Amino acid sequence: MRVLVVEDERNLADAIARGLRKRGMAVDVAYDGDAGHEAAFVTRYDVVVLDRDLPGVHGDQICADLAASGALTRVLMLTASGTVADRVEGLQLGADDYLPKPFAFDELVARVQALGRRATPAAPPVLELADLVLDPARRVATRAGVPVDLTNKEFGVLSELLKARGAVVSSEELLERVWDANTDPFTTIVRVTVMTLRKKLGEPPLIETVVGAGYRTAEAVS
């Protein structure tokens, strides 16, 4: 899941980003409304965690522009004001959810995960291919009933490939969906991650390379 955090309180923004990354999400951060507005329309995010009172472009404007664009991006609006009137106004602007500060981090994570599920086409709660089972909610992978120990990035890549259901997924798409904006676009990290993922999954191979195009699950040619 790709998430953008737009929050001018740097310590809070960084803390949110660190926590979401620990949950396996790819997270970018913008510290003002101008940077947040630009980022939200340059990259396709599943969820934008948006502070309402931002310097530069106001959070209300970012939210309204995203809603007007027709993007599938979901918006979780944060604000220091938790009155009913403020929540109603935020939702009327196009926010999908509203969380007053201070908040419990576990609640924020749960809300982001719920919004992320709404931002993408529906996928089965558990992804399966042959004897491989991937449970995104519990972040558990097994093959033939044996647990497979995956890093967050390996789990993310495998999840994207399984959700594609045999369609080819390019390295660029994997880089965009699993890594954040700080990753060098010319890096070989996707190829290396797929290579280690193949080794961990064992035989027979479940991921194949489509030369010049990307990767797909082996079910596409079975």
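Note that the coordinates shown come from a computational prediction; the quantities given were computed from them, not determined experimentally.

Participant: Before we move on, can you summarise the pattern of salt bridges with the specific residues and values?
Facilitator: A full pass over the atoms with the stated rule returns 16 salt bridges. For Arg138, the salt bridge goes to Asp135, with nearest N and O atoms at 3.4 Å. The salt bridge partner of Lys200 is Glu154, with a shortest N-O separation of 2.7 Å. Of this pair, Lys200 sits in helix 8 (residues 189-201) while Glu154 sits in helix 6 (residues 152-163), and the two are 46 residues apart along the sequence. By relative accessible area, which is 5% here, Glu154 ends up buried. Residues joined by salt bridges that share partners form a network here, namely Glu7, Glu9, Asp51 and Lys101.

Participant: I'd like a rundown of the side chain of Arg52, residues and numbers included.
Facilitator: Counting through the fold element by element, Arg52 comes out in the loop between strand 3 (47-51) and helix 3 (59-69). When its relative accessible area of 5% is taken as the criterion, Arg52 is described as buried. Polar side-chain contacts of Arg52 include one of 2.6 Å to the side chain of Asp60.

Participant: Can you tell me about the pairing of strand 7 (residues 132-135), naming the residues and giving the values?
Facilitator: By the bridge criterion, three bridges tie strand 6 (residues 127-129) to strand 7 in an arrangement that is antiparallel. Each residue of the ladder has a partner; that of Glu128, found in strand 7, is Val133. What sits between the antiparallel neighbours strand 6 and strand 7 is a turn of two residues, in which Ala130 has the positive phi angle 55°. Taken together, the four bridges between strand 7 and strand 8 (residues 140-143) define a ladder with antiparallel strand orientation. Within strand 8, the residue paired with Leu134 across the bridge is Ala141. As consecutive antiparallel partners, strand 7 and strand 8 are separated by four residues, and within that stretch Arg139 has a phi angle of approximately 55°, a positive value.

Participant: Outline the nonpolar core, supporting the account with residue identities and numerical values.
Facilitator: Core analysis: the biggest nonpolar cluster contains 24 residues, and Leu134, Leu150, Val157, Leu158 and Ile207 have the highest contact counts within it. Broken down by secondary-structure element, the contributors of at least two residues to this core are strand 6, strand 7, helix 6, helix 7 (171-178) and helix 8. With five residues, helix 6 is the largest single contributor of residues to this core. By size, the runner-up hydrophobic cluster in this structure holds 18 residues, among which are Leu76, Phe103, Leu108 and Val109.

Participant: How would you sum up unusual backbone geometry? Please name residues and give values.
Facilitator: Cis geometry marks the peptide bond from Lys101 to Pro102; its omega dihedral reads -10°. With respect to the helices, strands and loops of the structure, Pro102 is situated in the loop between strand 5 (97-100) and helix 5 (105-119). Of note, the bond from Glu203 into Pro204 is cis; its omega dihedral lies within 30 degrees of zero at -10°. Here Pro204 lies in the loop between helix 8 and strand 10 (207-210). Positioned with a positive phi, Ala130 is a non-glycine residue whose angle comes to about 55°. Within the secondary structure, Ala130 sits in the loop between strand 6 and strand 7. According to the relative accessible area criterion, Ala130 is exposed, its value standing at 68%.

Participant: A description of the packing of helix 2 (residues 33-42) against helix 3 should follow, citing residues and the corresponding values.
Facilitator: Where helix 2 meets helix 3, the closest approach of the two axes is 10 Å, and the angle between their N-to-C directions is 15°. Judged on the interaxial angle alone, helix 3 and helix 2 are roughly parallel. Seen along the crossing, helix 2 lies across helix 3 with a hand that is right-handed. Contacts between helix 2 and helix 3 involve Gly33, Gly36, His37, Ala40 and Phe41 on the former and, on the latter, Ile62, Asp65, Leu66 and Ser69. Of the residues in the contact of helix 2 with helix 3, the class split is four nonpolar, four polar and one charged.

Participant: Let's hear about the domain arrangement of the protein chain: which residues, and what values?
Facilitator: For the protein chain, the assigned domains read domain 1 (2-119) and domain 2 (127-217). Distance from the C-alpha centre of domain 1 to the C-alpha centre of domain 2: 27 Å. Residue-level contacts link ten residues of domain 1 with eight residues of domain 2. Both sides together, the interface formed by domain 1 and domain 2 hides about 790 Å², and carbon and sulfur atoms give 32% of it. If you sort the residues of domain 1 by the area they bury against domain 2, Arg2, Ala26 and Arg44 come out on top, with a joint share of 49%.

The rules behind the values
- Numbering of residues starts from 1 in each chain and follows the order in which that chain's sequence is written.
- With pLDDT at 70 or above as the cut-off, local features in this predicted model cover only qualifying residues; side-chain atom pairs require 80 or more to be listed or tallied, and sums for whole chains, interfaces and linings still use all residues.
- As a convention, hydrogens and water are excluded, and side-chain values are obtained from all of the structure's heavy atoms.
- By definition, a salt bridge exists where a carboxyl oxygen of Asp or Glu is found within 4 Å of a side-chain nitrogen of Lys or Arg.
- Where helices and strands are cited, they refer to DSSP runs of H or I of at least four residues and of E of at least two residues respectively, numbered from the N terminus.
- Working definition: with a 1.4 Å probe on protein chains only, accessible area under 20% of the residue-type maximum means buried, over 50% means exposed, and in between means partly exposed.
- The term polar contact refers here to a pair of N or O atoms within 3.5 Å; inside protein, the definition further demands a hydrogen-donor-capable atom paired with an acceptor-capable atom, and it admits residues adjacent in sequence only when both atoms are side-chain atoms.
- Two strands pair if DSSP finds at least two bridges between them.
- In plain words, nonpolar cores are sets of buried Ala, Val, Leu, Ile, Met, Phe, Trp, Tyr and Cys residues tied together by side-chain atoms within 4.5 Å.
- Axes, fitted as lines to C-alpha atoms, cover a helix only where it is in contact. Angles between the N-to-C directions of the axes lie from 0 to 180 degrees.
- Angles below 35 degrees are treated as roughly parallel, those above 145 as roughly antiparallel, those between 65 and 115 as roughly perpendicular, and all remaining angles as oblique.
- Each crossing gets its hand from how the near helix is turned against the far one by less than a right angle, where anticlockwise is left-handed and clockwise is right-handed.
- By definition in these notes, contact holds between two residues if any of their heavy atoms fall within 4.5 Å.
- Note on residue categories: nonpolar means Ala, Val, Leu, Ile, Met, Phe, Trp, Tyr, Cys or Pro, charged means Asp, Glu, Lys or Arg, and polar means any other residue, Gly included.
- An automatic or database domain assignment supplies the start and end points of every domain.
- By convention, the term buried area covers the 1.4 Å-probe accessible surface removed from two parts as they join, with the contributions of both added.

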